[in-house]
Amino acid sequence: FDFSHYIPHNAAEFHDKTSQTTLELLDHETARKLDIDSQPGLAILLRTAKRLNVPHWNQVLHASSASLTENYDTKENTSYFAGYFTSGPIKWHDALTMHFFGDMMFDRGVRKLMEKNGNDYPFQNLERFMVGSDLVIGNLEGAITTNKSIAGNLSPLLFTFDPSVAETMKKFGITDVSLANNHSRNFGQDGFDQTRFYLKKNGIRYFGDQINEQNISYWTEVRGTKIGWVGFSAFGKNQNDVIDEIRKLRNEVDVLVVMPHWGAEYQLVHGSSQARLAHTFIDSGADIVIGAHPHVIQPMEIYKGKPIFYSLGNFVFDQYFSKDVTVGLSIGVEWEHDEMKLRLFVVHNNRGEIDLASPEKRDEVLERLSRTSVVSPEIATQIKNGVIHLKY
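Below is a short write-up of the structure. Residue indices begin from 1 for each chain and proceed along its sequence in written order. Local features in this predicted model are restricted to residues whose pLDDT is 70 or higher, and side-chain atom pairs enter the listing and the counts only when it is 80 or higher, whereas totals over whole chains, interfaces and linings include all residues. Hydrogens and waters are ignored; side-chain quantities use all the structure's heavy atoms.

A word on unusual backbone geometry. Despite not being glycine, L26 shows a phi value in the positive range, around 50 degrees. Numbering of helices and strands starts at the N terminus; helices are DSSP runs of H or I of at least 4 residues and strands are runs of E of at least 2. Among the structural elements, L26 can be located in the loop between α1 (9-25) and α2 (39-51). Positive phi is not limited to glycine here, since R351 has a value of about 55 degrees. For R351, the position within the fold is in the loop between β17 (339-350) and β18 (353-356).

Written out as C-alpha cells, the structure reads:
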C-alpha cells in the first residue's frame, strides 16, 4: 500500500504516526480513515492477521520518496512501510494524533464561493492533508441553520452556514469543533440548537458555548486513551465555571485540551490577560491550549512544559486585506504517554483557495513565530524547523 500521498515530508511523517500505530495495534477501524491508497485493503489485511493469530507487526523499513530524494518540500511524495506479521504480542501503546485548525467561517464571501464552485472549494487543495489523523479539530465561527444569510459588507456580523456545510466538514475529516466563540449564537438559542443538530447528524462532536453555559466540555476516547475538551469564551459569562470544569475533567481524562476564544482582533502579539488565563488553564490541569479569535497568528509559549498557542489565525475565512489574515497555523499533535511532538504547518488563503503555504512563506511565518514566542532558544530553533519535542 502507498501511504501519505501528495503532501510534504513533515505532513507525511505526521500522518505516518497514525498509520504506524494502526499497523502495530491491528486497528482495522482506524485503517478506514488513514491517508493511504486503499483503506479497505489495509483493513482486510489487519483483520486477516488477527484471525490467523499473527498480530505482531515487525517493521523493517519506514521511508518516503521525499526522504530518498532529500527533496523535503515537494508534494510529489509517497510514504512506505515494509514489514511482516508473526505470532507474538500486539505492540500496545497509547499513541494518538490530533490535528488543529483555526477559524472556519462559511458565510458571506465564502458562501458565495461555495455556491459558485461547490461545497468542496475551500478544502479541495487540502484533501490529503486533512485526513489521516485520529482527531481533526477547528473553531466553527458561526451557526449552521436554515436561516437566510444576511451577512455582507454593510450588514451586521451575523453568520449562518448552510446545513450542507456539516456534511462537507465530515467529508474532509473534521471530527470535532469548538462552539466557544462570539458567533455561535448569532441566531439565538434556536440557531445554537440547529448547529448542534446538524453537527450531530453528521457525526461531528462539539463543545463550548458563546456564553459559557451549555456543553462547555465533553470527553472522547481513542484506543483506550480519554481526551477531554473544554471550550472557553472570553466574551461570555460564567468564566469561573469553565475553570472549575477544567479541574473536574482533569481527574477523568488522560489528555486535556482547552480551546479559548479571546484576545484582540488583528493584533500580532497576545495580551497579558490572555497569558494570565492560559497559565490558569494549565495550572488547573490543561495539557495544551489552542486559542482563536484574533484572525492572525500570535506567538506561542511553553509554560510549565506545556504548549500554549495564543491564536492559530484564520483557516477558512473571507478576509484578504493584509498578508497576516491570509495565513494561519495548523498544529499536528502526536501524543504518546509522556511525550508530545508538535508539527507546525502554515496554510495560505489565496482569495478563497486554501493550500499549504509555499516553502518561502512557511519559513517566513515560522521564523517570526520563533522570534516572538515565549520559549527557550532550543524550542525557538525547533519552531523554525517546524517540529517541537516536549517531555511530560
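Next comes the rest of the description.
This part takes up the sheet that holds strand β10 (residues 225-233). Pairing within the open sheet is mixed, and its six strands lie in the order β9-β10-β11-β12-β14-β13. Strands at the two margins of the open sheet, each flanked by one partner only, are β9 (217-222) and β13 (300-303). Each neighbouring strand pair of the sheet contributes to a mean axis angle of 20 degrees, computed without reference to strand direction. Strand pairing requires that DSSP identify at least two bridges connecting the strands. Inspection of the sheet shows strand β12 (residues 288-290) paired to strand β14 (residues 306-309) by two bridges, in the parallel sense. Across the sheet, residue I290 finds its bridge partner in β14, namely F309. Throughout, an axis means a line fitted to C-alpha atoms (over the contacting stretch in the case of helices), and angles, computed between N-to-C directions, take values from 0 to 180 degrees.

So, on to the packing of aromatic side chains. Pairing of aromatic rings covers Phe, Tyr and Trp, the last counted by its six-membered ring, and requires centre-to-centre distances within 6.5 Å; plane angles under 30 degrees mean stacked, over 60 mean edge-to-face, and any other angle means tilted. Scanning the model with the defined rule gives 20 aromatic pairs in all. These aromatic residues form a ring-pair network of at least three members: F14, F101, F106, F123, F129, F161, F172, F315 and F345. One cation-aromatic arrangement involves R185 over F192; the distance from NZ or CZ to the ring centre is 4.4 Å. The cationic tip of K226 hangs over the ring face of W219; the distance from NZ or CZ to the ring centre is 4.6 Å. Charge over a ring is defined by NZ of Lys or CZ of Arg lying within 6 Å of the ring centre and within 35 degrees of the ring normal.

Its 14 residues give helix α10 (residues 359-372) an end-to-end C-alpha distance of 20 Å, which sits within 8% of 20 Å, the value for a rise of 1.5 Å per residue. In this scheme, a residue with accessible area under 20% of its type's maximum is buried, one over 50% is exposed, and one in between is partly exposed, where area comes from a 1.4 Å probe on protein chains only. All buried positions along α10 are accounted for by V365, L366, L369 and S370. Around the axis of α10, the buried residues are gathered within 135 degrees of arc, so they sit on the same side. Exposed and facing more than 90 degrees away from the buried side of α10 are E360 and R371. Tucked inside the fold, the buried residues of α10 contact β13, β16 (327-336), β17 and α11 (377-385). How far a helix is expected to stretch is found by multiplying one less than its residue total by 1.5 Å. This arc describes the spread of directions from the helix axis toward the C-beta atoms. Any two residues whose heavy atoms approach within 4.5 Å are treated as being in contact.

Time to look at the nonpolar core. F106, F129, L140, M169 and F315 are the most contacted members of the largest nonpolar core, which has 38 residues in total. Leaving out residues up to four positions away in the same chain, F129 has contacts with I7, A11, H15, H99, F101, S330, F345, V347 and L356. Counting residues in each nonpolar core, the second largest holds 36 residues, with L96, I297, V346 and L390 among its members. To define a nonpolar core, start from buried Ala, Val, Leu, Ile, Met, Phe, Trp, Tyr and Cys residues and group those joined through side-chain atoms within 4.5 Å.

Here α2 contains 13 residues, and its C-alpha end-to-end distance of 18 Å stays within 8% of the 18 Å for a straight helix at 1.5 Å per residue. Among the residues making up α2, those that are buried are L42, A43, L46 and A49. In an axial view of α2, the angular spread of the buried residues amounts to 125 degrees, which keeps them on one side of the axis. Projecting away from the buried face of α2 at angles above 90 degrees are the exposed residues I44 and R51. At its buried positions, α2 is contacted by α1 and β2 (79-86). Definition of a polar contact: a pair of N or O atoms within 3.5 Å, with one able to donate and the other able to accept a hydrogen when the atoms are protein atoms, and with sequence-neighbouring residues admitted only if both atoms are side-chain atoms. Of the residues flanking the start of α2, the one acting as N-cap is S38, its side-chain oxygen 3.2 Å from the backbone nitrogen of G41. Downstream of α2 by one or two residues, N53 has phi in the positive range, about 60 degrees.

Right, let's talk about the packing of α10 against α11 for a bit. Taken N-terminus to C-terminus, the directions of α10 and α11 make an angle of 165 degrees; their axes are 8 Å apart at the nearest point. The angle between the axes of α10 and α11 places the two elements in the roughly antiparallel class. In the crossing of α10 with α11, the sense of the turn from one axis to the other is right-handed. Note on element contacts: α11 touches α10 through A380, I383 and K384, opposite L366, E367, L369 and S370. Taken together, the residues of the contact of α10 with α11 sort by class into four nonpolar, one polar and two charged. Each angle gets one of four labels, with under 35 degrees taken as roughly parallel, over 145 as roughly antiparallel, 65 to 115 as roughly perpendicular, and the rest as oblique. A clockwise turn of the near helix away from the far one marks a right-handed crossing, whereas an anticlockwise turn of less than a right angle marks a left-handed crossing. The residue classification treats Ala, Val, Leu, Ile, Met, Phe, Trp, Tyr, Cys and Pro as nonpolar and Asp, Glu, Lys and Arg as charged. All others, Gly included, are polar.

What follows covers the layout of surface pockets. For cavity detection a 1 Å grid was placed over the protein atoms alone, and a set of points counts as a cavity when a 1.4 Å probe fits there but cannot get out; an open set counts as a pocket when protein lies on both sides within 12 Å along at least five of seven lines, with lining residues being those that have an atom within 4 Å of a point. Grid points are joined across faces, edges and corners, and a volume is the space filled by probe spheres set on the points. In this structure, the largest pocket encloses a volume near 370 Å³. Along the walls of the largest pocket sit 21 residues, with P8, N10, Y72, D73 and R362 positioned nearest its centre. Within the residue set of the lining of the largest pocket, elements represented by two or more residues are α1, β17, α10 and α11. Among the residues forming the lining of the largest pocket, the class breakdown is 11 nonpolar, five polar and five charged.

Coordinates in, geometry out; function isn't part of it.
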